[in-house]
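# Reading the structure
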Protein chains: 2
Amino acid sequence: MNAVIISVGDELVTGQCVDTNSAWLSEQLTAHGVDVVCHITLGDDVERIKEAVGEALGWSRLVLITGGLGPTPDDVTRYGIAAAIGKPLEESSTALEQIRALFARWERDMPESNRVQAQIPTGGSVVSNPRGSAPGIRLQQAGAHLFALPGVPSEMKAMFEAAVVPVFINQVRTAHCTKAARIHCFGMSEAKLGEILVDLMARGRNPSVGTTASEGILTVRVVARGVNEAEAVQLLEEDVAEVRSRLGHIVFGVGEDSLQQVVAALLLRQGKTVATAESCTGGMLARRFTDIPGSSAYFLRGYVTYANKAKTELLGIPPSDLDDHGAVSEVVAQAMAAGCRAEAGADFALSTTGIAGPGGGNPPEKPVGLVFVGLADCDGVQVRRFLMGEHISRAGIRDRTCKWALNMLRLKLLDSGL
Amino acid sequence: MNAVIISVGDELVTGQCVDTNSAWLSEQLTAHGVDVVCHITLGDDVERIKEAVGEALGWSRLVLITGGLGPTPDDVTRYGIAAAIGKPLEESSTALEQIRALFARWERDMPESNRVQAQIPTGGSVVSNPRGSAPGIRLQQAGAHLFALPGVPSEMKAMFEAAVVPVFINQVRTAHCTKAARIHCFGMSEAKLGEILVDLMARGRNPSVGTTASEGILTVRVVARGVNEAEAVQLLEEDVAEVRSRLGHIVFGVGEDSLQQVVAALLLRQGKTVATAESCTGGMLARRFTDIPGSSAYFLRGYVTYANKAKTELLGIPPSDLDDHGAVSEVVAQAMAAGCRAEAGADFALSTTGIAGPGGGNPPEKPVGLVFVGLADCDGVQVRRFLMGEHISRAGIRDRTCKWALNMLRLKLLDSGL
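Residues numbered from 1 in each chain as written. Chains lettered and ligands numbered in written order. Predicted model: local features only at pLDDT ≥ 70, side-chain atom pairs only at ≥ 80, totals over all residues. Heavy atoms only, no water.

### Re the overall build of chain A
Short version of the rule: Runs of H or I in DSSP of at least four residues are treated as helices and runs of E of at least two as strands, each being numbered from the N terminus. Throughout, exposure labels follow a simple rule: accessible area from a 1.4 Å probe, protein chains only, divided by the maximum for the residue type, with under 20% read as buried, over 50% as exposed, and the rest as partly exposed. Whether two residues touch is decided by their heavy atoms; if any such pair falls within 4.5 Å, the residues are in contact. Only the protein chains shown count as cover for residues, and all accessible areas are computed by the Shrake-Rupley method using a 1.4 Å probe.
Helix and strand content of chain A: 14 helices and 17 strands. Principal axes of the C-alpha set define a box for chain A whose edges measure 80 × 55 × 40 Å. Classification of the 418 residues of chain A by burial places 56% in the buried group. Contacts in chain A between residues at least 24 apart in sequence constitute 67% of all its contacts with a sequence separation of at least 6. Here chain A displays about 16,300 Å² of accessible surface, and carbon together with sulfur accounts for 49% of that area.

### Let's talk about the nonpolar core
Note the threshold: To qualify as a nonpolar core, a set must consist of buried Ala, Val, Leu, Ile, Met, Phe, Trp, Tyr and Cys residues joined through side-chain atoms within 4.5 Å.
The biggest cluster of nonpolar side chains holds 50 residues, and the ones touching the most others in it are A:Ile6, A:Ile65, A:Leu146, B:Ile6, B:Ile65 and B:Leu146. In contact with A:Ile65, not counting residues within four places along its chain, are A:Ile6, A:Val8, A:Val53, A:Thr77, A:Ile81, A:Leu146, A:Phe147, A:Ala148 and A:Leu149.

### Quick look at the packing of helix H11 (residues 308-315) of chain A against helix H13 (residues 330-344) of chain A
Two quantities define a packed helix pair, namely the angle between the helix axes and the distance between the axes. Residues and elements named next belong to chain A. Inclusion rule: For helices, the axis comes from a line fit to the C-alpha atoms of the stretch in contact; other axes are also lines fit to C-alpha atoms, and the angle between any two N-to-C directions lies between 0 and 180 degrees. Relative orientations are named as follows: roughly parallel for angles under 35 degrees, roughly antiparallel for angles over 145 degrees, roughly perpendicular for angles from 65 to 115 degrees, and oblique for any other angle. In this scheme, a crossing is called left-handed if the near helix is turned counterclockwise away from the far one by less than a right angle; it is called right-handed if the turn is clockwise. Each residue receives one of three labels: charged for Asp, Glu, Lys and Arg, nonpolar for Ala, Val, Leu, Ile, Met, Phe, Trp, Tyr, Cys and Pro, and polar for the others, Gly being one of them.
At a minimum axis separation of 9 Å, H11 and H13 run at an interaxial angle of 40 degrees. Judged by the angle between their axes, H11 and H13 are oblique. When the axes of H11 and H13 are compared, the crossing they make is left-handed. Here H11 contributes Lys311, Leu314 and Leu315 to the contact with H13, which in turn contributes Val332, Ala335, Met336, Gly339, Cys340 and Glu343. When its residues are assigned to classes, the contact of H11 with H13 shows 6 nonpolar, 1 polar and 2 charged.

### Description of the domain arrangement of chain A
Applicable threshold: A domain assignment, automatic or from a database, supplies the domain bounds used here.
We note that the domain assignment places domain 1 (2-169), domain 2 (177-254) and domain 3 (259-416) within chain A. On a C-alpha basis, the centres of domain 1 of chain A and domain 3 of chain A stand 45 Å from each other.

### Section: the interface of chain B and chain A
Put simply, the rule is: Buried area adds together the accessible area that both of two parts lose upon being put together, with accessible area traced by a 1.4 Å probe. Here, a salt bridge means any side-chain nitrogen of Lys or Arg that lies within 4 Å of a carboxyl oxygen of Asp or Glu. Counting of polar contacts relies on pairs of N or O atoms within 3.5 Å, with two restrictions inside protein: one atom must be capable of donating a hydrogen and the other of accepting it, and residues adjacent in sequence are counted only when both atoms are side-chain atoms. In this description, strands pair whenever DSSP reports at least two bridges between them.
Residue-level contacts link 82 residues of chain B with 82 residues of chain A. Across the chain B to chain A interface the summed buried area is about 6,600 Å²; carbon plus sulfur atoms make up 54%. Joining chain B to chain A, the criterion identifies 10 salt bridges. In this structure, the salt-bridge partner of A:Arg398 is B:Asp291, at a minimum N-O distance of 2.8 Å. The tally of links between chain B and chain A comes to 34 residue pairs in polar contact (both at pLDDT 80 or more). For the side of chain B that touches chain A, the element with the highest residue contribution is strand S2 (residues 35-42) of chain B, accounting for 8 residues. Inspection of the sheet shows strand S14 (residues 299-304) of chain A paired to strand S14 (residues 299-304) of chain B by 3 bridges, in the antiparallel sense.

### Section: the relation of the copies chain B and chain A
Quick reminder of the rule: When the copies are superposed, the least-squares fit takes in the C-alpha atoms of residues with a pLDDT of at least 70 in both.
In screw terms, the move from chain B to chain A is a rotation of 180 degrees and a rise of 0.0 Å along the axis, fitting with an RMSD of 0.1 Å. Such values leave the two copies arranged in the relation of a two-fold axis.

### Structural notes on the environment of A:Lys272
Residue and element names in this part refer to chain A. Along the chain, the position of Lys272 falls in the loop between helix H9 (259-270) and strand S13 (274-278). Placed 74 residues apart in sequence, Lys272 and Ala346 show a C-alpha to C-alpha distance of 7.9 Å. Contact partners of Lys272, with chain neighbours within four places excluded, come to Leu267, Tyr298, Asp347 and Phe348.

### Points about a negative patch on the surface
For the record, the criterion: Residues enter patches when their relative accessible area tops 30% and they take part in no salt bridge; the joining distance is 9 Å for like charges and 5 Å for the nonpolar side chains Val, Leu, Ile, Met, Phe, Trp and Tyr. Here Asp and Glu are counted as negative and Lys and Arg as positive; His is not counted, and neither are the chain ends. Charged groups are reduced to one reference atom each: NZ for lysine, CZ for arginine, CG for aspartic acid, CD for glutamic acid.
Where like charges cluster on the molecular surface, the negative patch consists of A:Glu47, A:Glu51, A:Glu55, B:Glu47, B:Glu51 and B:Glu55. Put simply, the parts of the chain that give the negative patch at least two residues each are helix H3 (46-59) of chain A together with helix H3 (46-59) of chain B. Relative to the elements of secondary structure, A:Glu55 occurs in helix H3. We classify A:Glu55 as exposed; its relative accessible area is 52%.

### Concerning the pairing of strand S11 (residues 217-226) of chain A
Residue and element names in this part refer to chain A. Most of S11 sits inside the fold, with 9 of its 10 residues counted as buried. By the bridge criterion, 10 bridges tie strand S9 (residues 177-186) to S11 in an arrangement that is antiparallel. Within S11, the position partnered with Cys185 by the bridge is Leu218. For strand S10 (residues 208-214) and S11, the ladder comprises 7 bridges, and the chain directions are antiparallel. By the bridge assignment, Thr212 is partnered in S11 with Thr219.

Next comes the structure, spelled out in structure tokens:
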């Protein structure tokens, strides 16, 4: 049971846009036990689309295409598919009606340019798109199923769930079952982690275990195969338990968990509140807390005290501290966290101050990448100093600072929750 | 002059990670006049890597591979390449020395597991990696050049610039030259934009003109080909000027410009300052201002007044306004912007309040997706009401709210700058 994902768009092969659709589709398909063999990304070129689609239909059970179904002249996916299967395009009255109905709902006339979106290859059928003007295309060729969906992620995802899953996934049951898990870690190097897990990562082992590093987060992937779901689940759970027990508190979550979600869940469970006082992260930390629906239950307020005047007026940092130690200092991180906690009346306050660069560094005492993170609670304030390497960008320094702050609060909540 | 980019990693074909390397490499290559024919993404599988590399070497001048050069057992790219060219792997003393030197700089011993990273196919050479423990591999096969680089973006990028550009790009001059531009727009539908530009978007035209939509931003791509650089540049500039003149203030920038960068540049040029008061966007707007190096010149402070108490205490919103109209209301958006401007002593203040969902909606008066954005300046406060469709996620609602806020300030600054 294998699949090929083909993404189409000049903006992809010229690098003006990152293809996120293929990753999303792969994750869905893997979870359904379908083995994604490869992604192929092509420009808006009829010949190349024709070749790739023709080849993929020859050896794969599922060919999923995204992109190039729009109303503008550069959208040529439908022509490539028609050429690959040697059938002409014809206007589908079903598709045309759906497009017209959508514009009616928007209280607008359908521009004539949208009419081309109703054309599908003879023998194909229409995949409804309730969210946009590009209906999808579905067809079968010998043993292969082909679905072409629009490139707009929200439309593509809804159509995958409404059409591809029921038609393909649920029809075609496989002889084995695959179950996958991801375990997310923070605060260890990838090589060190690899050494701790080396026996589990042996090639050819079932489950397979691998690691990836992305922006300070290490992820351990476990993929188990069984003759049925029960076996796959059991194998998976044994490995996940083993990985967790070897790594301890380094593990912060699984699957879609983010550091902020895990911290949010701990705050909610313990009925605690938090506030933030940010300098170098400039709102990024507050944003991570408020990314989460329902965050008003534990997130009280945030101060973005970028200017020194704001630090003094809003958090009560004595100007003498700023003069004597500089804004990027342990003393100021401590005062920011304490001031924020007192002003907000929160159980915890996190503060960040650092040099995110690229300018503003003053080595050796205060190089770019130097950051102080403060955590205030009822017992006082702890401040940690971090120094990030020169290869980390401004965005990376801000990101990592938020992660260190969230992780300090996570470990504190784990301790106090015991 | 064509290229294939091959990305390797189970985390990619199982969708646990989005491949951003291929887009970055494509952008670089396109700018250098190299035509990227396709991206191919594969799992950590020796056979599949062997096949894809072998095939690509047969018809492409440049094969760029990323990923799978790490120290853990799931990293098998080197075996796939060796198999594709039919050569054994051997330990490179140059590579081993580089790895050892790196660990020495980190003041750590080299774990034995890193030693495998020094193995390269016979006949190949080492591409130095100053930032990490995975040296790259370079080799030539008939007319094709192959480079294998690590998957960690910061390492890959540095190595591309240090090794691929001088060795390949500058050696192999092409008979034609390609120049590309992107023009970014906000505040118009894609179909409407397509109608305005329809003649420029005719298939086969040079320059080629296409549009893409991503998270509320519409981008017009123009790619011009000429027999030399001067011709390509001239063709490109003519089209860019034509597009800009047709679209007017809908165009906010080009290339890497973001809305926040454009607004920041306008603020700097006019010597103006800004502060933010955020409810539904929870720090995201402040974060966008402070994303930019040097933002302390115009960004004074941000309030994340998530709780009503914070709105009252920090911005002076009368509790009666909150009671009578609710936090998500024109009255409160207005008071937040005015209070923020006064407290911060800024020239401009932006406020956001809305229902980002998925919970908390109260239709028909206050559905999820209802947002008010306030902009205060010396003349008073303007408030705009936005209602986003139900298909937009919480993250999308917060993102679009920031963009509308930035765009309101951009248009105000353009007006006042005249």
